[in-house]
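# Secondary and tertiary structure notes
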Amino acid sequence: MEQPHALAEAEAGAGAGAGAGVEAIGDAYIIRPLELADLSKGFCDLLAQLSPSPPLSEEAFRARFVELAALGADHLILVAEDAATGRLAAAGAVLVERKFIRRCGLVGHLEDVVVDAAARGRGLGERLVHRLVEHARGRGCYKVILNCTTELKGFYAKCGFVEKNVQMGLYF
C-alpha cells in the first residue's frame, strides 16, 4: 500500500530532487519538474510531436507518474510551461543508470526531449537540456548519453554533445 507522504511527494513532481527546482526564463516560461496536473496542460500532445503517442487516461498517467516518482532523483522529467497560457511548451527526461564499471559509476540517459513546434527557436530546448545535464552531473554521473536523429545532431552539438559510436535498436 502506498504511503500518503509518498503520494504527496509524487504530486509535487516526478523525480524531483537535486537540480530539479523551478527556473523562470524571463517572464515567458517556467522550467520545473513534471506534475500530475500536466496531463491537462498538453503533456501527451507534446510527446506526440516526438513520437506517435496516443492519449493516456488520467488513471494511466497517474499510475505511471507515481511509479516514476518512486525512483526519486534517478528519473527526472522537466517541463517548460508557458506562463501566459499554462500550456507546456517543452519536456525532457534524464534517467540515471547504475553501472558496475567505472567503480560502480552512474550514467545519465537523456530521453524524450521535445519542444512544441510553435515554441522552437527560443532557446527552450537548450535550457532544458542544460538543466537535465546539470541534474545528472549533480547525481555524480560520469557521462550523459542520448540517441537522436541526424537532423538533431547540430542542436545537441550546440549543447556540448559530441558524436560517439553508433546507435542500434531492436523494436518489438
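Coordinates for the structure precede this section.
Rules used throughout
- Residues numbered from 1 in each chain as written.
- Predicted model: local features only at pLDDT ≥ 70, side-chain atom pairs only at ≥ 80, totals over all residues.
- Heavy atoms only, no water.
- Salt bridge = Lys/Arg side-chain N within 4 Å of Asp/Glu carboxyl O.
- Helix = DSSP H or I, 4+ residues; strand = E, 2+ residues; numbered from the N terminus.
- Buried < 20%, exposed > 50% of the residue type's maximum accessible area, 1.4 Å probe, protein only.
- Expected span 1.5 Å × (residues − 1).
- Pairing = 2+ DSSP bridges.
- Phe/Tyr/Trp six-rings, centres within 6.5 Å; stacked < 30°, edge-to-face > 60°.

### Structural notes on the pattern of salt bridges
In this structure the tally under the stated criterion is twelve salt bridges. Two residues, lysine 41 and glutamate 81, come together in a salt bridge whose shortest N-O distance is 3.3 Å. Of this pair, lysine 41 sits in the loop between β2 (29-33) and α2 (43-48) while glutamate 81 sits in strand β3 (residues 75-82), placing them 40 residues apart in sequence. Each member of the pair, lysine 41 together with glutamate 81, is buried. Because the salt bridges share partners, they merge into one network encompassing Arg32, Glu35, Asp38, Lys41 and Glu81.

### Overview of helix α5 (residues 124-139)
Across its 16 residues, α5 extends 23 Å between first and last C-alpha, which sits within 8% of the 22 Å expected from 1.5 Å per residue. Within α5 the residues assigned to the buried category are Leu124, Gly125, Leu128, Val129, Arg131, Leu132, Val133, His135 and Ala136. Phi for glycine 140, located one or two positions after α5, is positive at around 95°.

### Focus on the pairing of β3
Most of β3 sits out of view: eight of its eight residues are buried. Direction of pairing for β2 relative to β3: antiparallel, over a ladder of five bridges. Paired with proline 33 across the bridge in β3 is leucine 78. In the sheet, β3 pairs with strand β4 (residues 88-98) via seven bridges, with the strands oriented antiparallel. Bridge pairing links glutamate 81 to leucine 88 in β4. In this structure, the hairpin formed by β3 and β4 is closed by a connection of five residues, where glycine 86 is found at a positive phi of approximately 80°.

### A word on the pairing of β4
Remember that side chains alternate between the two faces of the sheet whenever the strand is regular. Within β4, eight of the eleven residues are buried, leaving the element largely enclosed by the surrounding structure. As judged from the eight bridges shared by β4 and strand β5 (residues 106-115), these two strands associate in the antiparallel manner. Looking at the pairing, alanine 93 lines up with glutamate 111 of β5.

### Section: the packing of aromatic side chains
All chains considered together, the criterion is met by four aromatic pairs. Where phenylalanine 61 meets phenylalanine 65, the ring centres are 6.2 Å apart and the plane angle is 35°; that geometry is what we call tilted. Highlighted residues: phenylalanine 61 and phenylalanine 65, both in helix α3 (residues 58-69), separated by four residues, approximately one helical turn. The same class applies to phenylalanine 61 as to phenylalanine 65, namely buried. Between tyrosine 156 and phenylalanine 161, the aromatic rings sit 6.0 Å apart at their centres with planes inclined by 85°, giving edge-to-face as the arrangement. Each member of the pair, tyrosine 156 together with phenylalanine 161, is buried.

By themselves, these observations are geometric and do not establish any function.
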